Amino acid sequence: MKIATFNINGIKARINALPDWLDDAQPDVVVLQEIKSVDDAFPREIFEDRGYNVETHGQKSFNGVAILSKLPLEDVTRGLPGDESDEQARWIEATVVGKTAIRICGLYLPNGNPVELEPDGTPVAGGKYAYKLAWMERMRQRAQALLDSEMPALMAGDYNIIPQEEDAKRPDVWREDALFRPESRAAFRKILNLGFTEAFRARTRGPGHYSFWDYQAGAWNRDDGIRIDHFLLSPQCADLLQDCRIDREVRGREKPSDHVPVWIELDA
DNA sequence: ATGTCAACGATTCGTTGA
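In this text the structure is predicted, and so the values were computed from the model without any measurement.

1. Thoughts on the sheet that holds strand 9 (residues 197-198)
As summarised here, the arrangement of the 6 strands in space is 5-6-7-8-12-9, forming an open sheet in which the pairing is mixed. In this open sheet, the two strands that pair with only one neighbour each are strand 5 (73-78) and strand 9. In this sheet, strand 6 (residues 91-97) lies alongside strand 5 in antiparallel orientation, the contact comprising 4 bridges. Considered in strand 6, the bridge of leucine 73 is made with valine 96. Where helix 3 (residues 128-149) meets the sheet, it contacts strand 6, strand 7 (101-108) and strand 8 (153-158), and its direction lies at approximately 180° from that of strand 7.

2. Brief notes about the sheet that holds strand 14 (residues 262-266)
Strand order in the open sheet formed by 6 strands is 3-4-2-1-14-13, and the pairing between neighbours is mixed. Only two strands of the sheet have a single partner each, and these edge strands are strand 3 (53-57) and strand 13 (241-246). The mean angle between the axes of side-by-side strands here comes to 15°, regardless of whether they run parallel or antiparallel. Inspection of the sheet shows strand 3 paired to strand 4 (residues 65-69) by 5 bridges, in the antiparallel sense. Along strand 4, the bridge assignment pairs glutamate 55 with isoleucine 67. On the sheet, helix 1 (residues 17-25) packs against strand 1 (2-7), strand 2 (29-33) and strand 4 and is oriented at approximately 160° with respect to strand 1.

3. Quick notes on the state of the cysteines
Evaluated as defined, the whole model comprises 0 disulfides. The thiol of cysteine 237 is unpaired, and the distance to the nearest cysteine sulfur, on cysteine 105, comes to 10 Å. Of the cysteine sulfurs around cysteine 244, a residue in no disulfide, the closest is that of cysteine 237, at 11 Å. Note on cysteine 244: relative accessible area 3%, which makes it buried.

4. Quick notes on the UniProt feature "site: Important for catalytic activity" (unreviewed entry) in chain A
Following the UniProt record, the feature "site: Important for catalytic activity" (unreviewed entry) maps to Asp229 here. Position of aspartate 229 relative to the elements: it lies in strand 12 (residues 229-233). Excluding anything up to four places from it in sequence, aspartate 229 contacts Asn7, Gln33, Gly157, Asp158, Ser211, His259 and Val262. Among the polar contacts made by the side chain of aspartate 229, one reaches the side chain of serine 211 at a distance of 2.7 Å.

5. Description of the packing of aromatic side chains
Per the counting criterion, the structure on display carries 6 aromatic pairs. Centre to centre, the rings of phenylalanine 42 and phenylalanine 47 are 5.6 Å apart; their planes meet at 25°, and the pair counts as stacked. In this structure, phenylalanine 42 and phenylalanine 47 share a single accessibility class: buried. With a centroid separation of 5.7 Å and 90° between ring planes, the pair formed by tyrosine 159 and phenylalanine 188 is classed as edge-to-face. Of this pair, tyrosine 159 sits in the loop between strand 8 and helix 4 (171-174) while phenylalanine 188 sits in helix 5 (residues 182-192), and the two are 29 residues apart along the sequence. Judged by its relative accessible area of 1%, tyrosine 159 is buried. What makes phenylalanine 188 buried here is its relative accessible area of 3%. Among the aromatic residues, those joined into a cluster by ring pairs are Tyr210, Trp213 and Trp220. A cation over an aromatic ring shows up here: lysine 2 above the ring of tryptophan 263, its NZ or CZ 4.3 Å from the ring centre.

6. Examining the protein's contact with DNA strand B
With respect to spatial proximity, 16 residues lie near DNA strand B, and among them Arg14, Lys60, Ser61, Tyr215 and Lys255 are the closest. Those atoms of DNA strand B that come within 4 Å of the protein belong to sugar or phosphate at a rate of 68%. Within the side chain of lysine 60, one N or O atom sits 2.4 Å away from a phosphate oxygen of DNA strand B. Within the side chain of lysine 128, one N or O atom sits 3.4 Å away from a phosphate oxygen of DNA strand B.

Thresholds applied
Residues numbered from 1 in each chain as written. Chains lettered and ligands numbered in written order. Predicted model: local features only at pLDDT ≥ 70, side-chain atom pairs only at ≥ 80, totals over all residues. Heavy atoms only, no water. Pairing = 2+ DSSP bridges. Helix = DSSP H or I, 4+ residues; strand = E, 2+ residues; numbered from the N terminus. Contact = heavy atoms within 4.5 Å. Axes fitted to C-alpha atoms, helices over the stretch in contact; angles between N-to-C directions. Disulfide = S-S within 2.5 Å. Buried < 20%, exposed > 50% of the residue type's maximum accessible area, 1.4 Å probe, protein only. UniProt positions renumbered as here; feature names shortened; annotations may be inferred. Polar contact = N/O pair within 3.5 Å; in protein donor to acceptor, adjacent residues only side chain to side chain. Phe/Tyr/Trp six-rings, centres within 6.5 Å; stacked < 30°, edge-to-face > 60°. Lys NZ or Arg CZ within 6 Å of the ring centre and 35° of its normal. Near = heavy atom within 4 Å.

This is the structure in structure tokens:
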């Protein structure tokens, strides 16, 4: 089973590029981020015509996540548990029923910039960096519950986290950024260390592997990228891992997103 | 040399978010 994650940076802007990539890559399941659309405006027919079941969790203008699946989707839930007042559409879950049932979480983790800190170094309450870190703590709770279920499970999406220096062309320019600050990376490791496997690093080591290149300053032409789109696999899911790759060439196509798809192959 | 893109809601462009 081929499962992909893709931050499309707006479904309206990617109305041709996304179907074109789907027709090439033929994933069984895709989690999408930044659909930037309400549920009613999402062009589900385009994907249903290609044989995908479509589940969205959208909002106006910003954020928004979705799952497309050629296999049936069961027990769909929307929103990250732990804060009823959080209205940002960044989390969706469903169980994909194939040879084995797999719980799939699609996520769009908050960017967190600008970083605002008190003089003592704690994030300013109510600020975007505090929101990011609080969201990651909620995600950790949900991740632990997934492990406790002992079901094969994965969390895939735009994590807005550069895990290590080797995951950026120029780590020094990201040093103070919310994507690379120590608190952000520590929160990511805290989830990982519950017992998840980061799929890409289970298969490939070394620098030069990126999933995002800014539109600005010719970042793509200079290969000035970062790796921020990830798959975290539960132990029962990691046992099924066959491959993990980044569809880098998609960034060079017509009217690209600033992210490219990342995908895994599971023996499931 | 932050050099871009997308969505929106106001009026042909400014604001926000990334």
